[in-house]
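# Close look at the chain arrangement
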Amino acid sequence: MSAEYRITLSAPDDVTGWRDAARSLLAARVPPSSIVWQVEGEDGDLFGASALPAKGNADIRVPKAFLPLAATVVCHRDPERFALLYEALWRLQDQRQMLEDRADPLVARLYAMEKEVRRDAHKMHAFVRFREVEEADGAVRMVAWFEPDNHIVRREAGFFMRRFTNMRWSILTPDVSIHWDGETLTEGPGATRRDAPDGDPVEETWKAYYKSIFNPARVKVKAMTAEMPRKYWKNMPETAAIGELLASAQARESAMIERSAAIPASATAPAPLSSRPTNVEAAWEALRAEAMQCTRCDLHCHATQTVFGEGPLSPRLFIVGEQPGDQEDLAGRPFVGPAGQLLDEAMAQAGIDRAACYVTNAVKHFKFVQRGKRRIHDKPNVGEIKACNWWLDRERELIRPPLTLALGASAARALTGKAVTISRVRGTALTLPDGGECWVTVHPSYLLRLPDEEAARRERALFVEDLRRAGARAAALAA
Ligand code: URA
């Protein structure tokens, strides 16, 4: 039977066009088999377009779960997506619970498509890499090349606008380009890889850094390629070296084993000095720049920005807090809010110069629950701490602090990899998995929350005492 309706949508992800057409067709009781769906400009508009049917008066039922599903599935590259969605909508008129039956082949297929689109979006968040380009007016524009599997670029534009609001950037893809000037998002035609810049000085440093920290003994090729499919590698500066590194991994691993067998046990814990990049400052800058784009857990979705560590890279003390609070999230610097003020005062009392310390957090994005206009701190969970450990480990590999001070249980957990009861370990030196020495004390926010004035005074004095001891120990280690 020939199709009666040829519906042409204005773009491959035209969910509004599809929804409007689907409503009219459904109201006129046009069955799925009588419709051909096509996208303007694709396949040469083989069939031309037909007018939509006159408004019918059938009662249309759309379960709540269907619209978000359709909005995502429309972004899939499968040419049948519009027809499949219409078929589902058609069947839903009589089978209200149909979407709950995941064994139904149509339902299973739609949810699988939804999952693929979400996964693609996740990859885009994680693997878009911007390179710096100078524009005619001298301003910097960050430009990225990305090849999504599906039509997700418009859908994900909001993510990049929120994340890089104050930057000028462009994301070029084969199908479409999007450009942000700090206020307006514009769209352009698709591009080729050659239209995107290939590298900048920060990238070179990052590559060198990545190469220096690459540990062949930790390579799990299967897990690595599942999480970071090879097609994205070529656009990511840090992965340019992977092929070569993997190829030599076996030899490097054997060499490492031989080397470590020759080193006395007491000296094996800290990472070998040879793996420290020569330009630590530049490697740290590159690491920080990379952390600004972190999407390792979901906290980046709501936080304003990554709050990375700060301070000298050969610090007296390496201080680790839990996570940025409201003010840190806005300022982009650790410990600048009320807990930071308390920490500053206590450090001054303990005779420690904060300017000589590197201060960072276990988790680098603010986690909160919104209550009206207020954002209330919410404790990071173990998964979030683990996800963020990647950054803390890299900071420590670069800085190699002789002495670390953990403020509170989350920091202690991130550093030791285990749950820690502060009262049990307070006042004793712990040895961290990387061989560094660590002391644990309470978090300054705990002191701010104590309701009883006497207890607050007592606890604060103990905190200052802990800091004093850590300062003395740091001085002894440095001597
Ligand atoms: N609490 C922390 O643990 N870190 C900060 O940066 C601020 C408050």
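Refer to the structure presented above.
To keep things clear, this report deals only with the structure shown in the data block. (Residues numbered from 1 in each chain as written. Predicted model: local features only at pLDDT ≥ 70, side-chain atom pairs only at ≥ 80, totals over all residues. Heavy atoms only, no water.)

Let us look at the sheet that holds strand β7 (residues 185–189). Sheet architecture is open: 5 strands sit in the order β3-β4-β5-β6-β7, paired in mixed fashion. Strands at the two margins of the open sheet, each flanked by one partner only, are β3 (131–134) and β7. Neighbouring strand axes in the sheet, compared pairwise and without regard to direction, differ in orientation by 25 degrees on average. Pairing geometry for strand β5 (residues 168–172) and strand β6 (residues 176–180), over 4 bridges, is antiparallel. Paired with Trp-169 across the two strands is Trp-180, which belongs to β6. Sitting on the sheet, helix α5 (residues 153–163) is in contact with β5, β6 and β7, with an inclination near 20 degrees to β6. (Pairing = 2+ DSSP bridges. Helix = DSSP H or I, 4+ residues; strand = E, 2+ residues; numbered from the N terminus. Axes fitted to C-alpha atoms, helices over the stretch in contact; angles between N-to-C directions. Contact = heavy atoms within 4.5 Å.)

By the element assignment, Asp-344 lies in helix α13 (residues 338–349). It is 7.1 Å that separates the C-alpha atoms of Asp-344 and Arg-354, two residues lying 10 residues apart in sequence.

Read across the open sheet, the 5 strands follow the order β9-β8-β12-β14-β13; overall the sheet is mixed. The outermost strands of the open sheet, each flanked by one partner alone, are β9 (358–361) and β13 (430–431). Relative to strand β12 (residues 403–407), strand β8 (residues 318–321) runs parallel, the two sharing 3 bridges. Residue pairing in the sheet places Ile-319 in a bridge with Leu-405 of β12. Sheet strands touched by helix α15 (residues 409–416): β8, β12, β13 and β14 (437–441). Its angle to β12, the strand with the most contacts, is close to 135 degrees.

Before going further, it helps to examine the packing of aromatic side chains. According to the stated counting rule, one finds 16 aromatic pairs in the structure shown. A centroid spacing of 4.9 Å and a plane angle of 85 degrees characterise the contact between Phe-159 and Phe-160, whose relative ring orientation is edge-to-face. An identical accessibility class is assigned to Phe-159 and Phe-160; each is buried. The interplanar angle of 85 degrees and the centroid separation of 6.5 Å between the aromatic rings of Trp-284 and Tyr-358 together place this pair among those described as edge-to-face. One end of the pair, Trp-284, is in helix α11 (residues 280–291); the other, Tyr-358, is in strand β9, with 74 residues separating them in the sequence. Of the two residues, Trp-284 and Tyr-358, neither departs from the other in class, the shared state being buried. (Phe/Tyr/Trp six-rings, centres within 6.5 Å; stacked < 30°, edge-to-face > 60°. Buried < 20%, exposed > 50% of the residue type's maximum accessible area, 1.4 Å probe, protein only.)

Across all of its chains, the model carries 0 disulfides by this definition. The thiol sulfur of Cys-294 is not disulfide-bonded, and the nearest other cysteine sulfur, from Cys-388, lies at 6.0 Å. What makes Cys-294 buried here is its relative accessible area of 9%. Here Cys-301 stays unpaired: no disulfide links it, and the sulfur of Cys-297, its closest cysteine neighbor, is 8.3 Å away. (Disulfide = S-S within 2.5 Å.)

Examined against the element boundaries, Thr-360 turns out to sit in strand β9. On the basis of relative accessibility, which here comes to 0%, the residue Thr-360 falls in the buried class. If sequence neighbours within four positions are ignored, Thr-360 has contacts with Phe-308, Gly-309, Phe-318, Ile-319, Val-320, Gly-321, Phe-335, Leu-392 and Glu-395.

What follows deals with the site of the ligand. Taken together, the residues surrounding the ligand are Gly-321, Glu-322, Gln-323, Pro-324, Gly-325, Glu-328, Pro-334, Phe-335, Asn-361 and His-443. A distance of 3.0 Å separates a nitrogen atom of the ligand from a polar atom in the backbone of Gln-323. Here the ligand has 230 Å² of accessible area as a free molecule, and 94% of this is covered by the chains. Partitioned by chemical class, the residues of the shell around the ligand number 3 nonpolar, 5 polar and 2 charged. (Near = heavy atom within 4 Å. Polar contact = N/O pair within 3.5 Å; in protein donor to acceptor, adjacent residues only side chain to side chain. Areas by Shrake-Rupley, 256 points an atom, 1.4 Å probe, with all protein chains shown as cover. Nonpolar A, V, L, I, M, F, W, Y, C, P; charged D, E, K, R; others polar.)

By themselves, these observations are geometric and do not establish any function.
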